[in-house]
Amino acid sequence: MAHAAGIALGLIFGLDADLLRIVRLSLSVSLSAVFLASALGMPLGAALAVYSFRCRGTLIIVFNALMGLPPVVVGLAVYLLLSHSGPLGALGLLFTPGAMVTAQAILVAPIVIALTQRAVSDPWNAYGDALLVDGASRLRAIPVLLAMSGAGLLTAFLAGFGRAIAEVGAIIIVGGNIAGVTRTMTTAIVLETSKGDLPLALGLGMILIALSIAVSACAFYLARRGAHP
Amino acid sequence: MTRRILCLLALALLATAGPARADSPFITVASTTSTEQSGLFAHLLPAFTAKTGIAVRVVAVGTGQALRIGERGDCDVVFVHDKAAELKFVADGFGIGRREVMYNDFVLVGPKIDSAKLAGGRDIAAAFSAIAAAKAPFVSRGDDSGTDRAEKRLWQAAGIDIKAVGGGWYRDAGSGMGPTLNMAAAMDAYTLSDRGTWLSFRNRRDLEILVEGDKRLFNQYGVILVNPQKHPNVKAALGRAFIDWLVSPEGQQRIAAYTIDGEQLFFPNASPGG
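Reading the values: rules and limits
- Throughout this document, residue positions are counted from 1 along each chain, in the order its sequence is written.
- Whichever chain is written first is A, and whichever ligand is written first is 1; the rest continue in order.
- Owing to the predicted nature of the model, reporting of local features is limited to residues with pLDDT of at least 70; listing and counting of side-chain atom pairs is limited to 80 or more, with chain, interface and lining totals taken over all residues.
- In computing side-chain values, all of the structure's heavy atoms are included and hydrogens and water are not.
- Per the annotation, domain bounds derive from an automatic or database assignment of domains.
- Any two residues having at least one pair of non-hydrogen atoms within 4.5 Å are treated as being in contact.
- Buried area counts how much accessible surface, traced with a 1.4 Å probe, disappears from two parts once they are put together, with both parts' losses summed.
- The term salt bridge refers to a pairing of a side-chain nitrogen on Lys or Arg with a carboxyl oxygen on Asp or Glu at a separation within 4 Å.
- Distance and chemistry together define a polar contact, namely a pair of N or O atoms within 3.5 Å, with one atom able to donate a hydrogen and the other to accept it when in protein, and with adjacent residues in sequence counting only for side-chain atoms on both sides.
- Both cavities and pockets are sets of points on a 1 Å grid over the protein atoms alone; in a cavity a 1.4 Å probe fits but cannot get out, in a pocket the set is open with protein on both sides within 12 Å along at least five of seven lines, and lining residues sit with an atom within 4 Å of a point.
- Grid points are joined across faces, edges and corners, and a volume is the space filled by probe spheres set on the points.
- Helix and strand assignments follow DSSP, with helices taken as H or I runs no shorter than four residues and strands as E runs no shorter than two, numbered in order from the N terminus.
- When residues are grouped by polarity, Ala, Val, Leu, Ile, Met, Phe, Trp, Tyr, Cys and Pro land in nonpolar, Asp, Glu, Lys and Arg in charged, and all others, Gly among them, in polar.
- We call a residue buried when its accessible area falls under 20% of the maximum for its residue type, exposed when it is over 50%, and partly exposed in between, using a 1.4 Å probe and counting protein chains only.
- Here a pair means two rings of Phe, Tyr or Trp (six-membered ring of Trp) with centres within 6.5 Å. Their orientation is stacked below 30 degrees between planes, edge-to-face above 60, and tilted elsewhere.
- Counting as a charge over the ring demands two things of the Lys NZ or Arg CZ atom: a distance within 6 Å of the ring centre and an angle within 35 degrees of the ring normal.

Draft legend 1. Spatial organisation of the domain arrangement of chain B. Residues and elements named next belong to chain B. As far as domains go, chain B holds domain 1 (26-104 + 220-268) and domain 2 (105-217). Contacts between domain 1 and domain 2 engage 18 residues on the former and 18 residues on the latter. Summed over both partners, the interface of domain 1 with domain 2 buries about 1,300 Å², with 49% contributed by carbon and sulfur atoms. On the domain 1 side of the interface with domain 2, the three residues burying the most area are His81, Asp82 and Asn104, jointly 33% of the side's total. With a closest N to O distance of 3.9 Å, Glu263 and Arg195 form a salt bridge. In this structure, the connection of domain 1 to domain 2 is made through four residue pairs in polar contact (both at pLDDT 80 or more).

So this is what it looks like as structure tokens:
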């Protein structure tokens, strides 16, 4: 354990070029996936809270259940879609970071949708009538409600990011763990474990956890600044 | 909040989309964990890329999966080690121009206590029989890789029907060579490994080589171009350049020059002109 911590510190302070590339790819893939999932999922989640229609209850249950989507299954499905023998093969996305973003966005979207729906429900129940009396349509109420649910959305964002940065099952299938192209923190940890270099694998794991803490801290800092400009 | 999120989204997409575009020519090679994890590719590929400007992207999986990636047209070249499956891959029209590149061998590794008393033996079938007779723990890859298929053939040679074996001493790990070795090290079990992965493996604990040198442990690697007539997206010219380089005197010398702790891992044996 101490040996692993020493390796982790050595890698960080040695500014290892391979490590930097891996860290940058991990962050850009997972952040892109979460932003993509948020851009689609937050309005959708809010709509799910605001509109009432027949299958609404069922949909909410389904999205909550899909929060536990198995990454390997998503990876396999995206692989078959993007494969040259599959329907989207012509895009040439397989074994690229784009494929990894796609897979992670699919994994993260249900989390963002379900948590946003819950976050928006409270202000909707409290102020919904007032918003509608003021003449706003439900559609116009959505951005207002989203703006009121900052803390809940932050939770949705961070839960989604945590899921994306930590998973390996999907990206190792659609990315292929290619050195210098699609190797991320988690796939590198799998590789080093396979090689039996357990201290290095554990050291990388420690760096990954530190990264997650840093992203979470940044998000809280931004959110607080947003709340008190 | 929403506007800030959208701004960040645009930035993040730019950050990922940027470097993916301006790429130099590259090929994708589906290969085995043994060639990647032994460090051979890290030693070999920079020389090829420096000479030709073609980058090689290696997806390292088991031989069975590598061939299926090739069947779907998701790579340009496959570089694997299961001759029977490779010949079938070519016969089925998925690949063309198979060339043999190099060989090494499999080794039977096991714990120092060696409860089945195999150390120093040279007859692999006898060793497998002894393991089964002693019901000593054995970890199998169980992942349809080249090593896994070789192991299954060796059980057959020893006259043991591994599917019918009960008793729990035969463990099917369903994973790559490294995780299988990790598992064998943790439970003091026997396992069959390719020598390349074994030499580069760091977590040996009490494991050591017990049986080696049997002719049946020979492990041939071959390289095949994915058939561009079946999959027009295959970069045939670039892929062929890679194959030609591997079997050229220069490529063969680079393979022979790769050592770990002074021990050579792979032995070039490309047939001239093949």
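Draft legend 2. Structural view of the layout of surface pockets. By volume, the second largest pocket amounts to about 770 Å³. In terms of lining, the second largest pocket is formed by 31 residues, of which the most central are Ile172(A), Ala60(B), Val61(B), Gly62(B) and Gln65(B). Secondary-structure elements contributing two or more residues to the lining of the second largest pocket are helix H4 (71-82), helix H8 (169-175) and helix H9 (185-194) of chain A together with helix H2 (33-37), strand S2 (55-61) and helix H4 (63-71) of chain B. Of all the elements, H4(A) adds the most residues to the lining of the second largest pocket, at four residues. Of the residues assigned to the lining of the second largest pocket, the class counts are 15 nonpolar, 10 polar and six charged. Split by domain, the lining of the second largest pocket shows at least three residues from each of two domains, domain 1 (26-104 + 220-268) and domain 2 (105-217) of chain B.

Draft legend 3. Main features of the pattern of salt bridges. Residue and element names in this part refer to chain B. What the rule picks out here adds up to 23 salt bridges over all chains. Among the salt bridges present, the one from Asp82 reaches Arg149, with a minimum N-O distance of 2.8 Å. Pair noted here: Asp82 is in the loop between strand S3 (77-80) and helix H5 (83-91) and Arg149 is in helix H7 (residues 146-157), with a separation of 67 residues, a long-range link. Here Arg149 ties to Asp144 by a salt bridge, and the two come within 2.8 Å at their closest N and O atoms.

Draft legend 4. Region of the structure containing the interface of chain A and chain B. Contact residues are listed per partner, giving 30 residues for chain A and 30 residues for chain B. Both sides of the chain A and chain B interface together cover about 2,600 Å² of buried area, and 65% of this is carbon and sulfur. Applying the counting rule to chain A against chain B returns two salt bridges. Of the charged contacts in the structure, one is a salt bridge between Asp197(A) and Arg202(B), with a shortest N-O distance of 3.2 Å. Counting the contacts that link chain A with chain B gives 11 residue pairs in polar contact (both at pLDDT 80 or more). Sorting the residues of the side of chain A that touches chain B by element identifies helix H2 (17-50), H4, H9 and helix H10 (198-227) of chain A as the ones contributing at least two each. Counting residues per element, the side of chain A that touches chain B draws most heavily on H2(A), which supplies seven residues. Tallied by class, the residues present in the side of chain A that touches chain B amount to 14 nonpolar, 13 polar and three charged.

Draft legend 5. Spotlight on the side chain of Glu86(B). All names here are of chain B. For Glu86, the position within the fold is in helix H5. Classification of Glu86 as buried rests on a relative accessible area of 0%. The residues touching Glu86, leaving out its near neighbours within four places in the chain, are Val80, His81, Arg98, Gln220, Gly222 and Ile224.

Draft legend 6. Seen up close, the packing of aromatic side chains. Residues and elements named next belong to chain B. Across all of its chains, the model carries 16 aromatic pairs over all chains by this definition. Among the aromatic residues, those joined into a cluster by ring pairs are Phe128, Phe138, Trp155, Trp169 and Tyr170. Directly above the ring of Trp198 sits Arg204, whose terminal nitrogen or CZ lies 4.4 Å from the centroid. Here the basic side chain of Lys235 rests over the ring of Phe26, its NZ or CZ set 3.6 Å away from the ring centre.

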